[in-house]
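# Structural characterization, general
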Amino acid sequence: STLSSSDATFTASSTGAAGVNIKRSSSSGRAQFTLQDENGYNLWRVGATGPGDTDFAFFDGSENVLTLSTNNSATFAGAVRISGDTTIRSGNKLIINRADNAIGGEITYGPTGTGFIINDANGDDTIFKTGSTEHMRIDGATSAVTFAGAARISDGSNASPALTFS
């Protein structure tokens with residue numbers, strides 16, 4: 001059925017009740033609502049957008065661009081851009097996958113007194129760059145460290161380095 005109105009207000013029957021319920025017609029049905037343009041074209045489908053789904057998704061007509069799963073995970077179809085400070089909690093790892101989606105490595109902040117731990121889980125090289133310029137490489141197979149320029153060992157003062165390798 002169609003509800004036509006310039007405004008619609010739904011009020012829950014009690015404090016603990018939901019104001020609007022969307023019920024699927026069967027276990028293989030969908031429970032969703034759509035946002036349409038002035039011609040009735042679906043711009044977005046929001047809810048359990050796949051047959052029998054229990055995850056909550058935002059479907060843009062081509063794919064679920066965001067899926068909130070019942071296992072407390074969120075999946076984004078494209079790039080995720082974060083502005084401002086970002087805190088990673090709980091698992092304490094930032095896991096970065098390779099382009100083939102195999103686990104590439106992880107960055108962890110270790111227990112008290114440990115500091116940062118950079119771990120390449122696949123044994124690939126670890127490379128430190130500024131822009132496109134490589135400054136240092138740790139070979140994943142041999143543990144050899146290669147510097148692009150001079151390597152200096154210093155006591156941290158502004159005085160000349162204690163030892164320089166060129």
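Our structure's up above, just so we're on the same page.
Source: prediction; values computed, not measured.

About the thresholds
Residues numbered from 1 in each chain as written. Predicted model: local features only at pLDDT ≥ 70, side-chain atom pairs only at ≥ 80, totals over all residues. Heavy atoms only, no water. Pairing = 2+ DSSP bridges. Helix = DSSP H or I, 4+ residues; strand = E, 2+ residues; numbered from the N terminus. Axes fitted to C-alpha atoms, helices over the stretch in contact; angles between N-to-C directions. Salt bridge = Lys/Arg side-chain N within 4 Å of Asp/Glu carboxyl O. Buried < 20%, exposed > 50% of the residue type's maximum accessible area, 1.4 Å probe, protein only. 1 Å grid on protein atoms, 1.4 Å probe; cavity = no way out; pocket = protein on both sides within 12 Å on 5 of 7 lines; lining within 4 Å. Points joined across faces, edges and corners; volume = space filled by probe spheres on them. Nonpolar A, V, L, I, M, F, W, Y, C, P; charged D, E, K, R; others polar.

It is worth spelling out the sheet that holds strand 6 (residues 93–97) at this point. Strand order in this open sheet of three strands is 6-7-8, and the pairing throughout is antiparallel. Whereas interior strands pair on both sides, the edge strands pair on one side only; in this sheet they are strand 6 and strand 8 (116–119). For this sheet the average axis-to-axis angle between neighbouring strands, irrespective of direction, equals 15°. Pairing between strand 6 and strand 7 (residues 103–109): five bridges, direction antiparallel. Of the residues in strand 7, the one forming a bridge with Lys 93 is Thr 108.

On to the pattern of salt bridges. By the definition in use, this model includes two salt bridges. A salt bridge links Arg 137 to Asp 125, with the shortest nitrogen-to-oxygen separation between them at 3.0 Å. Note that Arg 137 is positioned in strand 10 (residues 133–138) and Asp 125 in the loop between strand 8 and strand 9 (126–130), a separation of 12 residues in sequence. Arg 137 sits in the partly exposed class, given a relative accessible area of 26%. Salt-bridge contacts for Glu 134 lead to Arg 137; the nearest nitrogen and oxygen are separated by 2.8 Å.

Glancing now at the sheet that holds strand 10. Within the open sheet, the three strands sit side by side as 9-10-11. Their pairing is antiparallel. Strand pairing shows two members of the sheet lacking a second neighbour, strand 9 and strand 11 (145–147), which therefore form its edges. Direction aside, neighbouring strands of the sheet carry axes that sit 20° apart on average.

What follows is about the layout of surface pockets. Where empty space is left becomes clear once a probe the size of a water molecule has been rolled over the atoms. Roughly 200 Å³ of volume is contained in the largest pocket. Along its surface, the largest pocket is lined by Ala 74, Thr 75, Phe 76, Gly 78, Val 80, Ile 82 and Thr 86. Here the lining of the largest pocket is composed, by residue class, of four nonpolar, three polar and no charged.

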